[in-house]
Amino acid sequence: MDLCHVPATREKGWYLALMAPNVKGPNYAWLDPSRLYCHPQGLQDCVADLLQPFQGDAIDMVAGVDAMGFILGAAVAATLQKGFLAIRKAGHLCVHTEAQPYSDYSGQQKLMEIRTDAITPGLRILLVDQWVETGGTMRAAIELVERLGGVVAGVAAICMESSEGGKWIQERYKCSHCVPPRLQPCFDQHQLGWQ
């Protein structure tokens, strides 16, 4: 899809066709959404779709999950006119932090950190990441926010797969994603529904 083209009819998720499949092998995610961020209308519509379920909800801050969640999370924070908190992979913050181990989508064991001075008890945080595949990364972010006394106001991602971890999150938190129901089975099986 042309990065300047805007379709006449823009249904929820139209911009998903901007994403590109993995051509580099198993060490990479199956789909790369970063081209979506290059399309001005696509990015705006993606953010609007993610925020639609949270209209009228109390949100004090947006937190993005390292690293691609920073792009989408910052766009969400700017739209809401709220502050943005980066939840980082270990070793990047030079301030006091809390840490949480997790397994990412590839099964690798990692450590996530959050600064301890940004969340006060009761602060309502909207967590944003690019993708929730196995749920391990997002669950670690949830645990860090809650350990510091924050309240998870919701979880938003371009796609939330119907994995065990994805279902765990969706059963416990208000969630939003951009994949229309007719395409969800394709995304769960790592297949593009528009080819």
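Residues numbered from 1 in each chain as written. Predicted model: local features only at pLDDT ≥ 70, side-chain atom pairs only at ≥ 80, totals over all residues. Heavy atoms only, no water.

Draft legend 1. How the structure looks around the overall build of the protein. Tallying secondary structure elements over the protein gives five helices and nine strands in all. The linear arrangement of helices and strands in the protein, starting from the amino end, is β-β-α-β-α-β-β-β-β-α-β-α-β-α. Against the 2.2 N^0.38 benchmark of 16 Å for 195 residues, the protein shows a C-alpha radius of gyration of 16 Å, consistent with a compact globule. Counting only C-alpha atoms and orienting by the principal axes, one finds that the protein spans roughly 45 × 40 × 30 Å. Within the protein, counting contacts between residues at least 6 apart in sequence, those at least 24 apart form 62% of the total. For the protein, the accessible area works out to roughly 9,500 Å², and carbon and sulfur atoms hold 50% of it. (Helix = DSSP H or I, 4+ residues; strand = E, 2+ residues; numbered from the N terminus. Rg over C-alpha atoms; globule rule 2.2 N^0.38 Å. Contact = heavy atoms within 4.5 Å. Areas by Shrake-Rupley, 256 points an atom, 1.4 Å probe, with all protein chains shown as cover.)

Draft legend 2. Structural view of the pattern of salt bridges. One pass over the full model with this rule turns up eight salt bridges. Ionic pairing is found between Asp57 and Lys174, a salt bridge with its closest N-O pair at 2.7 Å. Taken as a pair, Asp57 in the loop between α1 (40-51) and β3 (61-65) and Lys174 in the loop between α4 (164-172) and β9 (175-177) lie far apart in primary sequence, 117 residues in all. Taking relative accessible area as the criterion, Asp57 reaches 29% and is therefore assigned partly exposed. (Salt bridge = Lys/Arg side-chain N within 4 Å of Asp/Glu carboxyl O. Buried < 20%, exposed > 50% of the residue type's maximum accessible area, 1.4 Å probe, protein only.)

Draft legend 3. Representation of the packing of aromatic side chains in the model. Enumeration according to the criterion identifies six aromatic pairs in this entry. Taken together, a centroid distance of 6.2 Å and an interplanar angle of 85° make the contact between Phe70 and Phe84 edge-to-face. Of this pair, Phe70 sits in helix α2 (residues 68-80) while Phe84 sits in strand β4 (residues 83-89), and the two are 14 residues apart along the sequence. Between Trp168 and Tyr173 the ring centres are 6.3 Å apart and the planes differ by 50°, which places this aromatic pair in the tilted class. Site record: aromatic cluster; members linked through ring pairs are Trp30, Trp131 and Phe187. Above the plane of the ring of Trp168 lies Arg139, whose end atom (NZ or CZ) is 3.6 Å from the centre. (Phe/Tyr/Trp six-rings, centres within 6.5 Å; stacked < 30°, edge-to-face > 60°. Lys NZ or Arg CZ within 6 Å of the ring centre and 35° of its normal.)

Draft legend 4. Main features of the sheet that holds strand β6 (residues 109-115). Pairing is mixed in the open sheet, where seven strands are placed in the order β5-β6-β4-β3-β7-β8-β9. Looking at the sheet topology across the chains shown, the edges are occupied by β5 (97-103) and β9. When the angles between neighbouring strand axes are averaged without regard to direction, this sheet yields 25°. In this structure, β5 lies alongside β6, joined through seven bridges in antiparallel fashion. From the neighbouring strand, Pro101 faces β6, where its bridge partner is Leu111. Across the sheet, α1 is in contact with β7 (124-132), β8 (151-160) and β9; its angle to β8 comes to roughly 135°. Packing against the sheet, α2 makes contact with β3, β4, β7 and β8, and its axis sits at approximately 140° to β7. (Pairing = 2+ DSSP bridges. Axes fitted to C-alpha atoms, helices over the stretch in contact; angles between N-to-C directions.)

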